[in-house]
Amino acid sequence: MAQLGRHLRRSVGAAVATLVVAGLPTVAADVAHAADETPTVVFFTPRADQTQQKVPTTGVHVLLGADATVQSVRLSYGRTGVEASTCLPRKPDSEVFETTLGTQPTGPLGLQAAGYTSVDCQAATQVGTLATQSVAVSAAATAFKEPNTADRDTGEKLCGPFVRPRRKVAKGTTGCSAVPLGVFTSRLDGHTYARVTGEAVQTSTAGIADPQADSPTFAQPTPGVATPGGSFSSDTFREPVDLTGNPGLGTGIRRVVIRVSDGISSEAVETPVYTQVVTHVRSTTTPTAGGYAVTSTLLDQYGQPVVHAPARLTGYANGSRTPVNQLVATDVNGVATFPGVVPANGFYIAVADVDLNGSKGSAEPSFESVVGRVSKSAPGRALYHNNTRTRGAGGTVGDSLRGTVDAAARRYQWIDQDGHLAFSSLATRRAGAGRVSQPAHLTWVNAHGAPFNPRWLRSGRFETRAWTGLRRRPGLRNADMTFKQDAARHLSVEWEVKDIKPFTSAAALNAAFASLAASAQRYYGAGWQSRVQVKMLSDLSGGQPFALSVLRAAHAHGFTTMYLARGTAIRVQIPASAHAYVDFVRGAAGSLYAYEPPAWQKDMPVAKDPALTAR
């Protein structure tokens, strides 16, 4: 067959030459062959390189390969000689010759196979020498099997001998056909792996032997840098098979032979293959000493685990300046076990980094795990913002009734409103900022401030004025008036705190946000916390420390808070302690903060072919 290259014939020739089947004559003794001629036929199962393998009494499954010139194979067998034989023609769209012998009595059984260039085993067309094999028919043979009789999703009959590769009786047919087996080529070392699963029921008194999987149609590849291991427990095996360089993966063939053996018995099937594409990543976090352990499962387009796929863990612990960076390969179950424990507060993203470029590509799925309390990247939203100058009000259209009406007319759901502070009365003004301690001492003014001050304010500041005087300015609104007008038009508010110095003390900030919370609740009702958010820029007077103190006070009074990163703040996280009261961050580098995980990230992939549903 095309897959049976010279390297394979050399590797099995010596082994076949040593096989002796006592008393079993040849089936074409009159055909002359060169003394050093190698067989054109090879046993895949029972294995050509092992003698006295145990085979079940209920039937002996024989799978053979042959050179491309061979069109049929005669399989002969018997206990003391040729007692029976059968001619096996090459199957359409197949590279193997296959049959299952009927029930056999216990004891030794000899097998031999000869290849023919004719389709009906005509003696004159025999090529090569005989391939011979000796086995032991025994009740102690390992039984490789599919534990279920029918597919639980489609109801189709399953005919084993493995779970994967799967064989079934498709609806509308009578014979077994193979379901494609997924294969994945990893850039970690260039190797191509598939996953083989099933049950191996062993009755040998020699002890449990871990089944191993291979593809006998080509010389086995040199192991990769991180060869995945298999598992065997409670009769269930899950084994990787390295198909690197297998000619069956080539264009126009796309069929390989998969064999499993445990040193006692062997079993093999030919299966079509498909190329796996990692489409889903799912992660779990487990509390452990020092933080959390993260494991992730990588699945393909049919929900099947992907073996030896590169998985990278990235993300940040709260306040860290250095991202997590761990790269591992998935095991036989498609599971990536990241070795490093991550801190208890942070976000961690497992990415299927199939191109190994260290970043998430558009076609590389990921899964975000958030542990503890973290600040998240602010979600994108359509926000009405209008800094067009206006004579009255707070100096811009956005901070005026005109802006509120315009935002509602344009069907915005959120509006940006700027907030300054003023003394509520001349008396509190005379007492000074240091004496402010009650909500009634301060009034929020809806105004942008410099450089968009209303003309009458020139270069002055609202923080030096009293609301009792400011309220006479046409169109100027306080928080009560702003929330009332916005709420009446079903607009939610992002309240942007501007430069409110000298109101910097904890007492003044608590008073200010107690007042703002009362106004929000007054006009938005019980759900006000989802309708009014407080945000502040990092680069105003006082920098990041003052911005965070403002947001801490706002959070304490029930507001959802947002930090607006500007300048150097876009490249580093806020301090770890600030994550306790900053809900969202806007304007920072895209990978610094957790994103709001989409609902679909936890969904199982929907298999396009129900027969490929993972088991």
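A short tour of the structure in this document, coming up.

Quick notes on the rules
- The residue count restarts for each chain, going from 1 along the sequence in the order it is written.
- Where local features are concerned, this predicted model is filtered to residues with pLDDT of at least 70; where side-chain atom pairs are given and counted, the filter is 80 or more; whole-chain, interface and lining totals use all residues.
- By convention in this description, side-chain values take in all heavy atoms of the structure and omit both hydrogens and water.
- Here a strand is any run of E in DSSP of at least two residues, a helix any run of H or I of at least four, and the numbering for each starts at the N terminus.
- We compute the radius of gyration from the C-alpha atoms alone; for a globule the expected value is 2.2 Å times N to the 0.38, where N is the number of residues.
- Buried means the residue's accessible area, taken with a 1.4 Å probe over protein chains only, is under 20% of the maximum for its type, while exposed means over 50%, and partly exposed covers the values in between.
- Note on contacts: a residue pair qualifies if any of its non-hydrogen atoms lie within 4.5 Å across the two residues.
- Strands pair, by our definition, only if DSSP identifies at least two bridges between them.
- Note on definitions: the grid is 1 Å and covers protein atoms alone; a cavity is a set of points where a 1.4 Å probe fits but cannot get out; a pocket is an open set with protein on both sides within 12 Å along at least five of seven lines; lining residues have an atom within 4 Å of a point.
- Grid points are joined across faces, edges and corners, and a volume is the space filled by probe spheres set on the points.
- Amino acid classes used here: Ala, Val, Leu, Ile, Met, Phe, Trp, Tyr, Cys and Pro are nonpolar; Asp, Glu, Lys and Arg are charged; the rest, including Gly, are polar.
- To define axes, lines are fitted to C-alpha atoms, for helices over the stretch in contact only, and angles between the resulting N-to-C directions are given on a 0 to 180 degree scale.
- These descriptions rest on fixed angle ranges, namely under 35 degrees for roughly parallel, over 145 for roughly antiparallel, 65 to 115 for roughly perpendicular, and the rest for oblique.
- Whether a crossing is left-handed or right-handed is set by the direction in which the near helix is turned from the far one by less than a right angle, anticlockwise for left-handed and clockwise for right-handed.
- Expected helix span is taken as 1.5 Å per residue step, with the number of steps being one fewer than the number of residues.

It is worth spelling out the overall build of the protein chain at this point. On a plain count of helices and strands, the protein chain comes out with seven helices and 35 strands. A compact globule built from 615 residues should have a C-alpha radius of gyration of about 25 Å, whereas the protein chain, at 37 Å, is more than 25% larger. Scored against the burial criterion, the 615 residues of the protein chain give a buried share of 51%. Look at the contacts in the protein chain between residues 6 or more apart in sequence, and 69% of them connect residues 24 or more apart.

Looking now at the pairing of strand β7 (residues 107-116). Extensive coverage of β7 is indicated by the burial of nine of its 10 residues. Inspection of the sheet shows strand β4 (residues 72-78) paired to β7 by seven bridges, in the antiparallel sense. The residue bridging Ser72 from the neighbouring strand is Tyr116, located in β7. With nine bridges joining them, β7 and strand β8 (residues 126-137) adopt antiparallel strand pairing.

Bringing the layout of surface pockets into the picture now. Counted as a void, the largest pocket has a volume near 420 Å³. Around the largest pocket, the lining comprises 21 residues; the ones closest to its centre are Pro56, Gly59, His61, Pro161 and Glu267. Breaking the lining of the largest pocket down by element, the ones donating at least two residues are β2 (53-55), β3 (60-66), β6 (96-101), β9 (143-145) and β19 (266-275). The residue inventory of the lining of the largest pocket, partitioned by class, reads eight nonpolar, nine polar and four charged. What the second largest pocket holds in volume is close to 260 Å³. In terms of lining residues, the second largest pocket is bounded by 16 residues, among which Thr314, Ile349, Val351, Lys360 and Ser591 are the most central. Among the elements of the structure, β22 (310-317) and β25 (346-352) are those that each provide at least two residues to the lining of the second largest pocket. For the lining of the second largest pocket, the element with the most residues is β22, which contributes four residues. When the residues that make up the lining of the second largest pocket are grouped by side-chain class, the tally is seven nonpolar, seven polar and two charged.

Two numbers describe how helix α5 (residues 479-488) lies on helix α6 (residues 506-524): the axes approach to 9 Å, and their chain directions differ by 30°. As far as their axial angle goes, α6 and α5 are roughly parallel. For the pair α5 and α6, the crossing hand works out as right-handed. When α5 is examined against α6, the residues Ala479, Asp480, Phe483, Lys484, Asp486 and Ala487 are found in contact with a partner set consisting of Leu516, Ser519, Ala520, Arg522, Tyr523 and Tyr524. Looking at the contact of α5 with α6, its residues break down into seven nonpolar, one polar and four charged.

If you check α6, its first and last C-alpha atoms are 26 Å apart, about what 19 residues at 1.5 Å a residue would give, namely 27 Å. Residues of α6 that are buried: Ala508, Leu509, Ala511, Ala512, Phe513, Ser515, Leu516, Ala517, Ser519, Ala520 and Tyr524. Tucked into the core, α6 has its buried residues touching β29 (414-423), β30 (442-446), α5, β32 (492-497), β33 (532-537) and α7 (543-556).

The values are spatial; any link to function lies outside them.
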